[in-house]
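# Examination of the molecular architecture
Listed below, chain by chain, are the residues.
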2 protein chains.
Amino acid sequence: MKLQNQINQKSFSPNEGFIKNYQQLVKEVVIPYQYQVLNDSAQDNSEKSHVIQNFINAGNALAGKGKGDGFYGMVFQDSDAAKWLEAVGFSLSIFPDKELEKTADALIDIIAAAQEEDGYLDTYFTLNDNDGKNRRWTNLLEGHELYCAGHMMEAACAYYESTGKKKLLDVMEKNAECIYKVFMEGSQFNKEAYPGHPEVELALMKMYRLTGNKHCFELAKHFIDVRGLDPQHFEKECNQRDWTVWGSDGKDTFYNQAHLPVRQQKDARGHAVRAVYLYTGMADLASAIDDADLISACKDLWKSITQRQMYITGGIGSTNLGEAFSVDYDLPSDTAYCETCASIGLIFFASRLLEMEVNNEYSDIMERAFYNTVLGGMQLDGKRFFYVNPLEIVPGIAGTAQTHRHDLPQRPTWYACACCPPNVARLVSSFGKYAYGENADTAYCHLFAAGKIDFANGISLNCETEYPYSYTVKYSLEKAGSDSVLAIRIPGWSKEWSIEKASSSSASFTSSGAATSNQVKGYVYIPVEKGDVITLKLDSTPYFVYPSPKIPDLSGQVALCRGPFVYCAEGLDNGGDVLSLSFDVSKPVTEIDSSKVTAFNSATPDGKKPVSDQYFALNVCGWREKIPETLYTTDKPEKSLENIKMVPYYTWGNRGINQMKIWFPHN
Amino acid sequence: MKLQNQINQKSFSPNEGFIKNYQQLVKEVVIPYQYQVLNDSAQDNSEKSHVIQNFINAGNALAGKGKGDGFYGMVFQDSDAAKWLEAVGFSLSIFPDKELEKTADALIDIIAAAQEEDGYLDTYFTLNDNDGKNRRWTNLLEGHELYCAGHMMEAACAYYESTGKKKLLDVMEKNAECIYKVFMEGSQFNKEAYPGHPEVELALMKMYRLTGNKHCFELAKHFIDVRGLDPQHFEKECNQRDWTVWGSDGKDTFYNQAHLPVRQQKDARGHAVRAVYLYTGMADLASAIDDADLISACKDLWKSITQRQMYITGGIGSTNLGEAFSVDYDLPSDTAYCETCASIGLIFFASRLLEMEVNNEYSDIMERAFYNTVLGGMQLDGKRFFYVNPLEIVPGIAGTAQTHRHDLPQRPTWYACACCPPNVARLVSSFGKYAYGENADTAYCHLFAAGKIDFANGISLNCETEYPYSYTVKYSLEKAGSDSVLAIRIPGWSKEWSIEKASSSSASFTSSGAATSNQVKGYVYIPVEKGDVITLKLDSTPYFVYPSPKIPDLSGQVALCRGPFVYCAEGLDNGGDVLSLSFDVSKPVTEIDSSKVTAFNSATPDGKKPVSDQYFALNVCGWREKIPETLYTTDKPEKSLENIKMVPYYTWGNRGINQMKIWFPHN
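Here goes a summary of the coordinates provided. Bear in mind that the values here come from a model prediction, so they are computed numbers and not experimental data.

### Brief notes about the pairing of strand β13 (residues 523-527) of chain A
Residues and elements named next belong to chain A. As judged from the five bridges shared by strand β9 (residues 485-489) and β13, these two strands associate in the antiparallel manner. Residue pairing in the sheet places R489 in a bridge with Y523 of β13. Pairing between strand β12 (residues 519-520) and β13: two bridges, direction antiparallel. Each residue of the ladder has a partner; that of V520, found in β13, is Y523. The turn joining β12 and β13, which pair antiparallel and follow one another in sequence, is formed by two residues; a positive phi near 45° is taken by K521.

### Concerning the packing of helix α10 (residues 200-211) of chain B against helix α13 (residues 272-289) of chain B
Residues and elements named next belong to chain B. Running from N to C, α10 and α13 point in directions that differ by 35°, and their axes come no closer than 7 Å. Two secondary-structure elements touch here, α10 through E201, L202, M205 and R209 and α13 through Y277, L278, T280, G281, D284, L285, S287 and A288. Of the residues belonging to the contact of α10 with α13, the class tally is six nonpolar, three polar and three charged.

### Some thoughts on helix α12 (residues 233-240) of chain B
All names here are of chain B. Along α12, the positions that sit buried rather than exposed are H233, F234, E237 and C238. For α12, the arc enclosing every buried residue in end-on projection is 145°, short of the 170-degree limit, so these residues lie on one face. Taken together, the buried residues of α12 touch α6 (140-143) and α9 (188-191).

### Describing the pattern of salt bridges
All names here are of chain B. Per the stated rule, a full pass over the model turns up 84 salt bridges over all chains. Where K27 meets D97, a salt bridge forms, and the shortest distance between an N and an O atom there is 2.7 Å. Residue K27 is located in helix α1 (residues 18-38), and its partner D97 is located in the loop between α3 (78-94) and α4 (98-113); the two are separated by 70 residues in the primary sequence. Overall, K27 belongs to the buried group, its relative accessible area being 16%.

### Quick look at the sheet that holds strand β1 (residues 5-6) of chain B
Residue and element names in this part refer to chain B. One open sheet accounts for six strands, arranged β1-β4-β5-β9-β13-β12; its pairing is mixed. Either end of the sheet is taken by a strand with one partner, and the two such strands are β1 and β12 (519-520). Direction of pairing for strand β5 (residues 442-445) relative to strand β9 (residues 485-489): parallel, over a ladder of four bridges. Within β9, the residue paired with C445 across the bridge is I488. Packed on one face of the sheet, helix α16 (residues 360-376) meets β9 and β13 (523-527) and runs near 60° to β9.

### Focus on the pairing of strand β22 (residues 639-648) of chain A
Two faces belong to every sheet, and in a regular strand the side chains alternate between them. Residues and elements named next belong to chain A. Sheet analysis places strand β17 (residues 565-570) next to β22, joined by two bridges and oriented antiparallel. By the bridge assignment for β22, C568 is matched with V647. Where strand β20 (residues 617-625) meets β22, eight bridges bridge the pair, whose relative direction is antiparallel. Bridge pairing in β22 places R624 opposite S640.

### Points about empty space enclosed by the protein
Applying the stated criterion across every chain, the model contains 16 cavities of 30 Å³ or more. Approximately 280 Å³ is the volume found for the largest cavity. As for the largest cavity, its lining consists of 22 residues, and the residues nearest its centre are P552, D553 and L554 of chain A together with P552 and D553 of chain B. Of the residues in the lining of the largest cavity, the class split is eight nonpolar, six polar and eight charged. Its boundaries defined by the atoms lining it, the second largest cavity holds a volume of some 90 Å³.

### Here's the deal with the relation of the copies chain A and chain B
Mapping chain A onto chain B calls for a screw motion: a turn of 180° about the axis and a shift of 0.0 Å along it, with 0.0 Å RMSD after fitting. Taken together, the turn and the small shift mark the pair as related by a two-fold rotation axis. Using C-alpha coordinates, one finds that chain A approaches the rotation axis most closely at N667 of chain A, a distance of 3.2 Å.

### Some words on the sheet that holds strand β1 (residues 5-6) of chain A
Read across the sheet, six strands follow the order β1-β4-β5-β9-β13-β12 (chain A) without closing on themselves; strand pairing throughout is mixed. The strands lining the two open edges of the sheet, one partner per strand, are β1 and β12 of chain A.

### Describing the interface of chain A and chain B
On the chain B side, the residues contacting the 59 residues of chain A number 59 residues. Taking both partners together, chain A and chain B bury about 4400 Å²; carbon and sulfur atoms supply 64% of that area. Applying the counting rule to chain A against chain B returns two salt bridges. Counting across the interface, chain A meets chain B through 16 residue pairs in polar contact (both at pLDDT 80 or more). Breaking the side of chain A that touches chain B down by element, the ones donating at least two residues are α14 (292-308), β15 (543-547) and β21 (632-633) of chain A. Element by element, the count of residues in the side of chain A that touches chain B is highest for β15 of chain A, at five residues. Residues that form the side of chain A that touches chain B fall into these classes: 28 nonpolar, 20 polar and eleven charged. With two bridges joining them, β15 of chain A and strand β21 (residues 632-633) of chain B adopt antiparallel strand pairing.

### So, the environment of K433 of chain B
Residues and elements named next belong to chain B. Relative to the assigned elements, K433 resides in helix α18 (residues 431-435). Put simply, K433 and P412 are 21 residues apart on the chain and 30 Å apart in space, counted from C-alpha to C-alpha. Every residue in contact with K433, bar those within four places of it in the chain, is listed here: Q6, I7, N8, Q9, F90 and E161. Side-chain polar atoms of K433 contact the backbone oxygen of I7, separated by 3.4 Å.

### Things to note about the state of the cysteines
Residues and elements named next belong to chain B. Evaluated as defined, the whole model comprises zero disulfides over all chains. C568 takes part in no disulfide bond, and the closest cysteine sulfur to it belongs to C561, at a distance of 11 Å. By relative accessible area, C568 is classed as buried at 0%.

Parameters at a glance
- Residues numbered from 1 in each chain as written.
- Chains lettered and ligands numbered in written order.
- Predicted model: local features only at pLDDT ≥ 70, side-chain atom pairs only at ≥ 80, totals over all residues.
- Heavy atoms only, no water.
- Pairing = 2+ DSSP bridges.
- Helix = DSSP H or I, 4+ residues; strand = E, 2+ residues; numbered from the N terminus.
- Axes fitted to C-alpha atoms, helices over the stretch in contact; angles between N-to-C directions.
- Contact = heavy atoms within 4.5 Å.
- Nonpolar A, V, L, I, M, F, W, Y, C, P; charged D, E, K, R; others polar.
- Buried < 20%, exposed > 50% of the residue type's maximum accessible area, 1.4 Å probe, protein only.
- Arc of directions from axis to C-beta.
- Salt bridge = Lys/Arg side-chain N within 4 Å of Asp/Glu carboxyl O.
- 1 Å grid on protein atoms, 1.4 Å probe; cavity = no way out; pocket = protein on both sides within 12 Å on 5 of 7 lines; lining within 4 Å.
- Points joined across faces, edges and corners; volume = space filled by probe spheres on them.
- Least-squares fit on C-alpha atoms with pLDDT ≥ 70 in both.
- Buried area = accessible area lost by both parts, 1.4 Å probe.
- Polar contact = N/O pair within 3.5 Å; in protein donor to acceptor, adjacent residues only side chain to side chain.
- Disulfide = S-S within 2.5 Å.

Below you can see the structure in the form of structure tokens.
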């Protein structure tokens, strides 16, 4: 059962601050640039996208005007348009922009025209089926039809939520009905089928919650229920058809989480993005129908990820082979895959679990994944992106050795497979939904983001903070009911903390680190009324994190964190070599002047400053080992004292190619 | 120029001792078992070999009696027979055995009958060309014709050296002449061709040195000279033919060391076994023709391997992708490939360099590779073999995670691709050739092996030692000339050492660790005469080895060694968990009673004791970290004092599946 919900997108209006800066970067740089890509008008993009042209061509073909130059791109190319529209939808609610809205409306018109009469919508199939052969729904394993549909449904929900415009929502309700007919009322084989890439499940749940459309709910439940009932379904599908996209044989049932019925899945396995998208849908359904087995599976999968397979950065999916989860405790720093999209999916999953159980276990990891892997996935100027987020970079090995080809030392430009950049854009733009939640009488503050929040339950508050670069958060209650409660998360990393309530009418109080009666599972619940000012002070002390010895790759290592940030050392702040450094964990870590580390390029090509020139560098006391002349030596290495300069992980790789390292040996 | 040569195989007669025990194991277990495999009569071998049947079928086909069931196996299947014959040849000189010799003679007759009229010999091509299409020499990239020829030439040399029987040598001289015609006198395209898998070069040099056949020398030189002159040669070859073995496209020129003319190659790259076989041939040719550029390339390649790409165990070729060298300093312990054959090839290469320059730099690594990776490649009972020799095993990850599939926690039975087992057999059986060298007046002792050595230069000595399980070696001069010199290697690992000469006629003396005038590049040169007794005492103190910080994988780690042995900790001696251990390098390492570690199975299936029940276990003082309940923790891990039990690396994986680790964090 849901205890609380994400707030509506329009409920959150950001003030100045870290999150607003990022949202503005997305609005000013990422969204316009991505539109140029979709439209094939970006100057510096070497990869043709053809996304919008695909929709135009499909519309023309349906209107009998010929299919032009046909379809171009990946089989899931349509989803790029969907994710862009979703980001635009979210962004418009924060930064109204008539011009942008007009552009989006025009794209929605183009998309609507590409929908077939029965509601079917997928330009790859519409354009490629013009050879008289109907390939629709014959290759769920590779075809991504339901994946693309899911993303367009999410776009429709976001666009409606922000603009009140229903056109895309209508298109996608019709599309859902088309899918319903095929998979709920079609052949027995279709009734046993499930998506090759989960996504439509969580999207259908969104549609259902927004529109009340029962078929959307039934369809989401159906796809979740049938998944893995017949693990050989994809293999059978392969045998039934005479075409393929990549030649997949459907035999690796783990890859698609088809190895077991979902309620029996306890270990997160296979393609990491597929996995967390599925688990998000499962958790959403579980709370809707109060399904104990499904809830239990979700919690087991969460534990499998976060207690045995997650990097300190909130990165998941440690192997590039299949972009997948490996096995428990196999978490190499240097060959890590850690796809940006996988951490975004982990945030989705955490957010759904948090709706069922308010517990900082979920919100801590949501925050950790966001401030490290997700933000690290984007260059500070918003122009380049990482798919892969390793925890160690040694130029010469990274990006070069066969086993390290995927671990790049610098963010590349837009990819042919452009899943991560728009995924970051939509998450950043909808940050408010993850930061705040609500139910009938309570306002939940899961993450810290400055802004005004008008909860649907009548509570209104203003949040002032320079978090994550200050550790004080002030909530001013502008409206509240008689039973209103403010629930504030105390992050697990904050050893010391205090909450002070200043009230004109009722008693003021101060809570602090010691267990207080009003603290449950990492949240402090405070009765509030209009005029109250609640001040949260968190612990700004940098702290060391030690790995379980069960992770073979991290034997004897330690990492530095502060607040939600994991820190790293880069070569250019440390004499070019971070491999010979080790930490003295007995000495205090100190803030250092940013001028002590190499400056970020403050002038980006368009003259704008990058989003984070405000990072705080930290100094760790430690040692530098003298590099011996031979590869191995019997002489114990000489060490000299060294001040090690550290920067937040999300800023790495923004200052040219150089070494980067998070985990260090220590005393 | 050669300063000294390997001794003749018949010069060394082993006494009791470690090496003799291994040679006996090869004779009693490996050679008979491998013959059963070749003959398809092994009970427990699931893989069909068909090696001997291939030769029989080819002989019948040539005699017009039909080709029976044709060819079966890998394209290089013939080489299994060659390596077996070579091992048998070497073994017969140590352990004469009429029955075995008869079996070998019969196999040689079968092989001789499979030779075509013009000298061509390769059953894959002879049997597959019966379709009227002549594929001979059209696929050097994949075909392994020259590789198989090379191994059969090596077998012919070994068999002749030990038995004096010339039949196979005649066959292979005729074969060499056939190859000469094709590649020295054939088409321009053939004149530009070179082997896909180097091996024939070193084999031709052996043939030349044994028979004086000039064509063998010219051919070896030719193949080395043309290699990489046209790096696209293999690609062109692909385009010229209409068949393939595995579909290789010849574009990865590094894989075959075809990326540059060999004299310009400075970095060891590509398939590791191919690389070291090539470099061995290059070094052999270089000393024969005193070619400064070739010598310089060989030394650069040696440095590239041993100073930037070699594991502490003497393992090389760190990645399973292409069984290849990776890039400098990329030496992961857990995903290491380290093929047994590659370390054997490294020993070949070292031995050739040692012939040009007597320097313990070469012999130290020869010894390290032998006592760790090569011996570790074989189960103690001689019945199972590793191809891949990782430096860390964590069951659950090793052999299971996609990236660790090749790193098995236990030696499997015979492989379909059976290159490593017979390679170990031939190296162990010819150990004397690597241990001892000679020139006109000097006897060289590179490695320590008990036995009687009758050098061709007239020196005879008896070597008594229990090395590597004792550190005293006694040489008794039984014959010597007037200018005779004994050159003894002082291993680099031996910090303390002494040499005592007891002589009846001339002055006795004692040298020790301090630089002495008669010590050059790690060898002590001692004038000797008949009756002298030279006693070498080496340092038995266990020692720690520290890696260069340039190896990212070993950050802050240390390993334990003693003499030539690298030590490892296995789970079953250490409470099941070696991942939470760290070393206290300030405390002395002590010998411990073998009863303190779990016993090896002393009763193997045939009732024989395994070769090493005599290993010495060592105790390292250190700590065990308490395993926290969470994957990451801010609490500094609690540590308790622990006695860590270590065994020599070559004995690992002989007592069931459990953890194994060489490198540990330390204070």
